[in-house]
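Structural overview
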Amino acid sequence: MELRKTITLAMLLALGVVLNIMESMIPIMGNIIPGSKLGLANIVVIFVIYFYGLRDGLLFSFTRVFIVGLLRTGLFNIVFLFSLSGGLLSVVCMFIAHKFTKLSIVGVSIIGAITHSIGQIIAAVFLFQTINIIYYLPYLLLLSLPTGFIIGVISEQVINQYQKIKIN
Amino acid sequence: MNKNDWILIIIIIFISFSLLLFFKLTNQESNQALVYNDNKLILTIDLTKDDKYQVMGLNGEVDIEVKNNQIRVTSETSNYHLCSKQGYISKSWETIVCLPNKIIIRVTSLDQNYDVILR
Amino acid sequence: MKKIITLFFLLLLTGCQDQVFSKDLFYMNTYINIKIYHHDQELVNKTFSDIEQIYQKYDQLCDRYKKHEYNLYYLNNELEKNQEIEIDKRLYDLLKVSKDYYLKTNKFFSIALGNVTDVWTNNKELPSYEELKASGSTDLDDIMLKENYIFSKNSDVSLDLGGIAKGYVNNIIKEYLHDKGIKKYLITSGTSSILIGEHYQNEKYRVGLINPLESEKIYKVLKLNTNSISTSGTIDNYYEFSGEKYSHIINPFTLYPDNYSLSVTVIAPDPILTEVLSTTLVLLPIEEGKKLAEKYDVEVIWFTKDGIIETEGIKNYE
């Protein structure tokens, strides 16, 4: 059972990384506001949180950011730190939203999208030592709504289909 | 989607617009821009005078332009050119962040009563 | 007819009226802004290009990292034990002035700290005294100057003119502007030193001094003309190791930034004096600093952790 879980998570991890790289090939999002993106990889993160819980979610998110850093953006630079702080905060908040509120998967996904933005802003405020960066926050929040919604709807489908397969 | 999701969406929209309103109300037209490289101030720019500047960032040159009391980055050495896409800024809350270059441009208003500031 | 006469006079007036001309330069790692108030555009343009040439020349002469003819990089590399080296006359004069100030400030102002500042700049962790000491000689007494020749008792001294070059060049420019009869000007070098002539419309320049603890607040306003003002401090210029900030002003005796003040502002007509003394006074206890200020007849404002201290003459600028 443990081995099965490890293999599944590893495959999901690969999927998350591929989705992230795929997404970087679609240039539209970053043009609207620097730092914003659709967050396709979040589908996998939500999946992990729903079926494996907080600990694996955090580990999964950390490893994913690490691998993407290794492959594309570089390790321990600004982009890496931003992704990490946004990624980890959103996992924690999505888990809390999933466990302790009556939000649907779409709501949880929106929570993930906005807390990802907030995590990045927090990292930026610390890194650049200027509170002014909060100026981006309302724009990022508003943009998180459609992206969180789209990702949420897809995740809902994925999770429902998966449960059907499991039952059968 | 359930009722709770809609409440969440409405709350987020409300917070966003409150923040936007707050920034709009507290924003001031400014006369000076500060350029930071890796958190160190390297240049103060007079926004009342149209001009062009060039600073060195982590990856290379960053070109800055001042026009009609506004400031923007015209070109930079980076993959996505995000900070030149951002366009002009001119108000006290606005900031241009050139992430890969570690260059930050902030707009501040200092008292017009001074000819020069020493720091 | 009346109209034409008034128009004529108006033209005459505007023709003679001073205008603001401004030029930005980047030399010696510093953004320099020059403002000249004058009616003759041609003269101003000529002045701008002359001033740029002066900066450019000294930028090359004082360059520690790139070789130009007989410049500082060349000198630092050629310095060999007991061998005479010939350098550019202008660089020689600058070194001579630097060494004079070294002696005048009881060896607190030293241009021989190149090895140590390199360690402070490049080290990833806070350097230890042993590390700093091992980086090479920091003794300016090893360097002797004689008729355009430099003679060294020690081959590994690394000279760094960063603390005096700007002031030295500003002094040359001040004399140049005086010779040209240009009286109304404002030259800003970086964010910490200015050279001013007369104001173009008001009686005096208003100079705001920024609080080193609250980087957007002005704690003092000076009103003055025809002077040079330099501020030395830690606001924008520091080394950082694991989140802790260390001043860039290094004490030549301890090789550490042992600063008594957060920021020191010096006012005097001589830009070399203000540049050199502002740096030196950061390293000295206030009482000793006061003696030095008196000796060289400069006005000083110390911003320390415990408050602001001023020399008597500051009152005249309030």
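Residues numbered from 1 in each chain as written. Chains lettered and ligands numbered in written order. Predicted model: local features only at pLDDT ≥ 70, side-chain atom pairs only at ≥ 80, totals over all residues. Heavy atoms only, no water.

1. A closer look at the overall build of chain A
A count of helical and extended segments in chain A gives 7 helices and 0 strands. Secondary structure of chain A in N-to-C order comes out as α-α-α-α-α-α-α. Going through the 168 residues of chain A one by one, you find that 48% of them count as buried. For chain A, contacts bridging at least 24 residues in sequence account for 73% of all contacts bridging at least 6. When the accessible area of chain A is evaluated, it comes to approximately 8,300 Å², of which 73% is carbon and sulfur surface. (Helix = DSSP H or I, 4+ residues; strand = E, 2+ residues; numbered from the N terminus. Buried < 20%, exposed > 50% of the residue type's maximum accessible area, 1.4 Å probe, protein only. Contact = heavy atoms within 4.5 Å. Areas by Shrake-Rupley, 256 points an atom, 1.4 Å probe, with all protein chains shown as cover.)

2. Describing the confidence of the model for chain A
In the predicted model, chain A carries a mean pLDDT of 87, and the fraction of residues at 70 or more is 93%. Across chain A, element-level confidence peaks in helix H3 (residues 41-52) of chain A with a mean pLDDT of 93 and bottoms out in helix H2 (residues 28-32) of chain A with 55. (pLDDT = per-residue confidence, 0-100.)

3. Section: the side chain of Glu-23 of chain A
Residues and elements named next belong to chain A. If you trace the backbone, Glu-23 turns up in helix H1 (residues 2-24). Overall, Glu-23 belongs to the buried group, its relative accessible area being 9%. One polar contact links the side chain of Glu-23 to the main-chain amide nitrogen of Leu-40, over a distance of 2.8 Å. Every residue in contact with Glu-23, bar those within four places of it in the chain, is listed here: Lys-37, Leu-38, Gly-39 and Leu-40. (Polar contact = N/O pair within 3.5 Å; in protein donor to acceptor, adjacent residues only side chain to side chain.)

4. A word on the packing of aromatic side chains
All told, the structure shown has 20 aromatic pairs over all chains when counted by the stated rule. With a centroid separation of 5.0 Å and an interplanar angle of 65°, the aromatic rings of Phe-51 of chain A and Tyr-162 of chain A are classed as edge-to-face. Here Phe-51 of chain A, found in helix H3, pairs with Tyr-162 of chain A, found in helix H7 (residues 137-167); they are 111 residues apart in sequence, far enough to count as distant. The ring centre of Tyr-101 of chain C lies 4.6 Å from the NZ or CZ of Lys-104 of chain C, which sits over that ring. (Phe/Tyr/Trp six-rings, centres within 6.5 Å; stacked < 30°, edge-to-face > 60°. Lys NZ or Arg CZ within 6 Å of the ring centre and 35° of its normal.)

5. Some words on the interface of chain A and chain B
At the junction of the two partners, chain A supplies 33 residues and chain B supplies 30 residues. Summing the contributions of chain A and of chain B, the shared interface buries around 2,700 Å²; its carbon and sulfur component is 70%. Of all residues in chain A, the largest losses of buried area upon contact with chain B belong to Phe-128, Asn-132 and Tyr-135 of chain A, amounting jointly to 23% of the total for that side. In this structure, the connection of chain A to chain B is made through 0 salt bridges. The tally of links between chain A and chain B comes to 5 residue pairs in polar contact (both at pLDDT 80 or more). (Buried area = accessible area lost by both parts, 1.4 Å probe. Salt bridge = Lys/Arg side-chain N within 4 Å of Asp/Glu carboxyl O.)

6. Brief notes about empty space enclosed by the protein
All names here are of chain C. Enumeration according to the criterion identifies 2 cavities of 30 Å³ or more in this entry. Looking at the second largest cavity, its volume works out to about 30 Å³. Lining the second largest cavity are Leu-95, Lys-99, Ile-111, Leu-140, Ile-143, Leu-145 and Leu-159. At the level of secondary structure, the elements contributing two or more residues to the lining of the second largest cavity comprise helix H4 (89-104) and strand E4 (143-146). Looking at the lining of the second largest cavity residue by residue, the classes come out as 6 nonpolar, no polar and 1 charged. (1 Å grid on protein atoms, 1.4 Å probe; cavity = no way out; pocket = protein on both sides within 12 Å on 5 of 7 lines; lining within 4 Å. Points joined across faces, edges and corners; volume = space filled by probe spheres on them. Nonpolar A, V, L, I, M, F, W, Y, C, P; charged D, E, K, R; others polar.)

7. Re the packing of helix H5 (residues 78-100) of chain A against helix H6 (residues 105-128) of chain A
For any two helices packed against each other, one specifies the crossing angle of their axes together with the interaxial distance. Residue and element names in this part refer to chain A. One can describe the packing of H5 onto H6 by two numbers: an axis separation of 7 Å at closest approach and a directional angle of 140°. Classified by the angle their axes make, H5 and H6 are oblique. The element H5 and its partner H6 pack so that their crossing is right-handed. In the contact of H5 with H6, the residues fall into 14 nonpolar, 11 polar and no charged. (Axes fitted to C-alpha atoms, helices over the stretch in contact; angles between N-to-C directions. Parallel < 35°, antiparallel > 145°, perpendicular 65-115°, else oblique. Left-handed = near helix turned anticlockwise from the far one by under 90°.)

8. Things to note about the sheet that holds strand E1 (residues 32-37) of chain B
To summarise the sheet geometry, strands pair through backbone hydrogen bonds and adopt either a parallel or an antiparallel arrangement. Residue and element names in this part refer to chain B. The strand order across the open sheet built from 4 strands is E2-E1-E7-E6, with neighbouring strands paired in antiparallel fashion. Strands with a single pairing partner mark the edges of an open sheet, and in this sheet they are strand E2 (40-46) and strand E6 (95-98). Each strand axis lies, on average, 20° off the axis of its neighbour in the sheet, ignoring direction. Of the pairings in the sheet, the one linking E6 to strand E7 (residues 103-108) comprises 4 bridges and is antiparallel in character. If you follow Val-97 over to E7, its bridge partner there is Ile-104. (Pairing = 2+ DSSP bridges.)

9. Regarding helix H8 (residues 271-283) of chain C
Residues and elements named next belong to chain C. The end-to-end C-alpha distance of H8, which contains 13 residues, comes to 19 Å, matching closely the 18 Å that a straight helix rising 1.5 Å per residue would cover. For H8, a buried count of 13 out of 13 residues is recorded, marking the element as mostly surrounded by other parts of the structure. The N-terminus of H8 is capped by Asp-270, whose side-chain oxygen sits 2.9 Å from the backbone nitrogen of Ile-272. (Expected span 1.5 Å × (residues − 1).)

10. Description of the confidence of the model for chain C
Residue and element names in this part refer to chain C. Within chain C, residue pLDDT values average 87, and 94% of them lie at 70 or more. For the stretch residues 10-15, pLDDT sits under 50, and the model shows 1 contact to residues farther than four places along the chain or on other chains. We note a pTM of 0.64 for the whole complex and an ipTM of 0.87 for its interfaces.

11. Brief notes about the pairing of strand E5 (residues 70-76) of chain B
Residue and element names in this part refer to chain B. Examined bridge by bridge, strand E4 (residues 61-67) and E5 share 6 bridges and lie antiparallel to one another. The partner of Val-62 across the bridge, within E5, is Glu-76. Hairpin connection, E4 to E5: the antiparallel pair is bridged by 2 residues, and Asn-68 has positive phi, about 45°.

12. Let's talk about the pattern of salt bridges
Side chains bearing opposite charge may pair, as long as their charged atoms lie close to each other. Inspection of every chain in the model, using the stated rule, returns 16 salt bridges over all chains. In this structure, the salt-bridge partner of Asp-93 of chain C is Lys-89 of chain C, at a minimum N-O distance of 2.9 Å. Taken as a pair, Asp-93 of chain C and Lys-89 of chain C lie in helix H4 at a separation of 4 residues, close to a single helical turn. Take Asp-93 of chain C: its relative accessible area is 27%, and that puts it in the partly exposed class. With a closest N to O distance of 4.0 Å, Lys-166 of chain C and Glu-275 of chain C form a salt bridge. Taken together, the positions of Lys-166 of chain C in helix H7 (residues 165-180) and Glu-275 of chain C in helix H8 put the pair 109 residues apart, joining distant regions of the chain. Look at Lys-166 of chain C and you get buried, because its relative accessible area is 15%. Among the ionic contacts, a cluster of salt bridges with common partners joins Lys-49 and Asp-51 of chain B together with Asp-24 of chain C.

13. Comments concerning the sheet that holds strand E14 (residues 299-304) of chain C
Residue and element names in this part refer to chain C. Taking strand neighbours across the sheet as the criterion, the 8 strands line up as E1-E2-E6-E7-E10-E13-E14-E15 in an open arrangement whose pairing is antiparallel. Where the open sheet ends on each side, the last strands, each with one partner, are strand E1 (19-27) and strand E15 (307-310). Neighbouring strand axes in the sheet, compared pairwise and without regard to direction, differ in orientation by 10° on average. Pairing between E1 and strand E2 (residues 30-38): 9 bridges, direction antiparallel. Residue pairing for E2: Leu-25 is matched across the bridge by Ile-32. On top of the sheet, helix H2 (residues 41-61) reaches E1, E2 and strand E6 (185-189); it is set at about 15° to E1, its chief contact. Most of the contacts of H8 go to strand E13 (residues 263-268), to which it runs at about 155°, and overall it touches strand E7 (193-196), strand E10 (227-233), E13 and E14.

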